[in-house]
Amino acid sequence: MLTLPPVPYMPDVETYREDEQETVDQLNATFDEILARTHEDYGHAVRAVHAKAHAILQGTFTVEPGLAPELAQGLFARPGDHEAFVRISTNPGDILDDAIALPRGLALKVTGVDGARLPGAEGTAQDFVMINGPIFLVPTAKKFAGNLALLAKTTDRAEGIKVVLSKVLQAVNGALGLVGLDSPKLGSLGGAPQVDPLGETYFSVTPFRHGDYIAKYRLRPISASLTALTGETIDTTNRRDAIREDVRKQMAVIDGEWAFEAQLCRDLAKQPVEDPRVEWKEDDAPFARIATLRIPRQDSWDADVLRRVNEEMRFSVWTGIVAHQPLGDINRARKDTYRHSAAFRETANRCPIHEPSG
């Protein structure tokens, strides 16, 4: 099949809605509800989404040499090594028993990145915020805000019921999977497979500028130590923090390597910017490896690293350079809401946010 040339980035690839600020205000109000409730319950402020971390990792992010011109853009214009931090999590704003099976998240911070910064982006890092699925479940930030407002009412409530419901949804989703009909929506409600996060592939889901072009990104395990874990499930029976415990044991003895890949947009009709529900099919828009993330064996729950990264850093798609500007309605809504959530933590915990500047 003939692969089309990549679509050049132009500002008009985005379509703005008149009610976007109203949606951001609604999201911030919902985040405040979640943040205030969890802060009261825990005596410590946590993130409004992806509150529960399972691992904090440090490694090296190596930009590949000899990239094609359309791939050698922004951060990836020059080969070389960067220090990197990784936070693995699940998506709710409350810290739940791991028996409640939910999608995995992975936030990656690449440090020492040159280039003009996005508005308000301190430091020199480029962040990538990813989940272990290729699509977002709603088309717009407004729809997401409505769903989140309903979910906020269940924050830190009826955990026992959530555990039971999760087991039912996992069984239903597993049965659907046997006939090729597994449901991302069931997964988001607690029916996700209880898989080992180290074996998962993570996707940016939403598009970004890739210098002169447009791209989505993914992080794919490639070392044998990680691919051996792909699809493996974690037994959470009577272990509230089973994922953290298992990952800590694994990372103490293995060295991990992931391929960081770009998927350039080649047809705006097939790879839309404004609807993250649409999967960009690899047949039409192939992925290409542009960097390698290497994480050596380490303590994935080290107290000092946990304080430095989990408490004193924030991860946001708007922390980065102009060459990787987030695109689309969902991404635009993330700009102020992520900062709003981080500001609550900063004030409530009396702990300033520190962005790497070296």
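The name that an unreviewed UniProt entry assigns to the protein chain is Catalase family protein, with the source organism given as Novosphingobium anseongense.

Asks: Where do I start with the overall build of the protein chain in this structure?
Replies: Each helix and strand in the protein chain was counted, giving eight helices and nine strands. Counting across all 358 residues of the protein chain, residues that qualify as buried make up 54%. Residue pairs in contact within the protein chain that sit at least 24 positions apart in sequence constitute 79% of those at least 6 positions apart. Total accessible area computed for the protein chain in this model is approximately 15500 Å², and 56% of it derives from carbon and sulfur atoms.

Asks: Just checking my understanding: could you explain helix 7 (residues 303-311) for this structure?
Replies: Helical geometry: 3.6 residues make up each α-helical turn, so side chains three or four residues apart lie on a common side. All of the buried residues in helix 7 are V305, L306, V309 and N310. On an axial view of helix 7, the arc spanned by its buried residues comes to 100 degrees, and they lie on one face. In helix 7, the exposed positions that point more than 90 degrees away from the buried face belong to A303 and D304. Buried-residue contacts for helix 7 involve strand 1 (53-63), strand 2 (80-90) and helix 8 (329-348). Where helix 7 begins, the side chain of D302 points an oxygen toward the backbone nitrogen of D304, at a separation of 3.1 Å.

Asks: Honestly, the side chain of E312 in this entry has me stumped. Any pointers?
Replies: Structurally, E312 is set in the loop between helix 7 and helix 8. Reaching out from E312, the side chain makes a polar contact with the side chain of R307 at a distance of 2.9 Å. Apart from residues no more than four positions distant in its own chain, E312 is found in contact with R307, C351, P352, I353 and H354.

Asks: Sorry, what's going on with the packing of helix 1 (residues 20-42) against helix 8 here?
Replies: Two numbers describe a pair of packed helices, the interaxial angle and the distance between the axes. Following both chains from N to C, one finds helix 1 and helix 8 inclined at 30 degrees, their axes separated by 9 Å at the closest point. With respect to the hand of their crossing, helix 1 and helix 8 are arranged in right-handed fashion. Residues E20, Q21, V24, L27, N28, F31, D32, L35, A36 and H39 of helix 1 form the contact with helix 8, whose own contacting residues are D329, R332, A333, D336, T337, H340, S341, F344 and A348. Looking at the contact of helix 1 with helix 8 residue by residue, the class counts come to eight nonpolar, six polar and five charged.

Asks: Looking at this structure, how should I read the side chain of H210?
Replies: Mapped onto the fold, H210 is located in strand 6 (residues 208-210). Looking at H210, the relative accessible area reads 0%, which means it is buried. Ignoring any residue separated from it by four or fewer positions in sequence, one finds H210 in contact with E70, L71, Q73, F76, A215, Y217, A262, L264, I290, A323 and H324.

Asks: What exactly am I supposed to notice about the packing of aromatic side chains here?
Replies: Geometrically, a pair of aromatic rings is defined through the distance of the ring centres and the angle of the planes. Tallied over the full model, the rule gives nine aromatic pairs. The structure contains a cluster of three or more aromatic residues connected by ring pairs, namely F61, F76, F128, F208, Y217 and F260. Sitting above the plane of the F315 ring, K109 keeps its charged end 5.0 Å from the centroid. The residue whose ring lies beneath R332 is Y16, and the NZ or CZ to ring-centre distance is 4.1 Å.

Asks: Which parts of the structure should I look at to understand the pairing of strand 4 (residues 126-131)?
Replies: Where burial is concerned, most of strand 4 is hidden: five out of the six residues are buried. Judged from the six bridges that link them, strand 3 (residues 104-110) and strand 4 form a sheet pairing that is antiparallel. Note on strand 4: the bridge partner recorded for G105 is I131.

How each quantity is defined
Residues numbered from 1 in each chain as written. Predicted model: local features only at pLDDT ≥ 70, side-chain atom pairs only at ≥ 80, totals over all residues. Heavy atoms only, no water. Helix = DSSP H or I, 4+ residues; strand = E, 2+ residues; numbered from the N terminus. Buried < 20%, exposed > 50% of the residue type's maximum accessible area, 1.4 Å probe, protein only. Contact = heavy atoms within 4.5 Å. Areas by Shrake-Rupley, 256 points an atom, 1.4 Å probe, with all protein chains shown as cover. Arc of directions from axis to C-beta. Polar contact = N/O pair within 3.5 Å; in protein donor to acceptor, adjacent residues only side chain to side chain. Axes fitted to C-alpha atoms, helices over the stretch in contact; angles between N-to-C directions. Left-handed = near helix turned anticlockwise from the far one by under 90°. Nonpolar A, V, L, I, M, F, W, Y, C, P; charged D, E, K, R; others polar. Phe/Tyr/Trp six-rings, centres within 6.5 Å; stacked < 30°, edge-to-face > 60°. Lys NZ or Arg CZ within 6 Å of the ring centre and 35° of its normal. Pairing = 2+ DSSP bridges.

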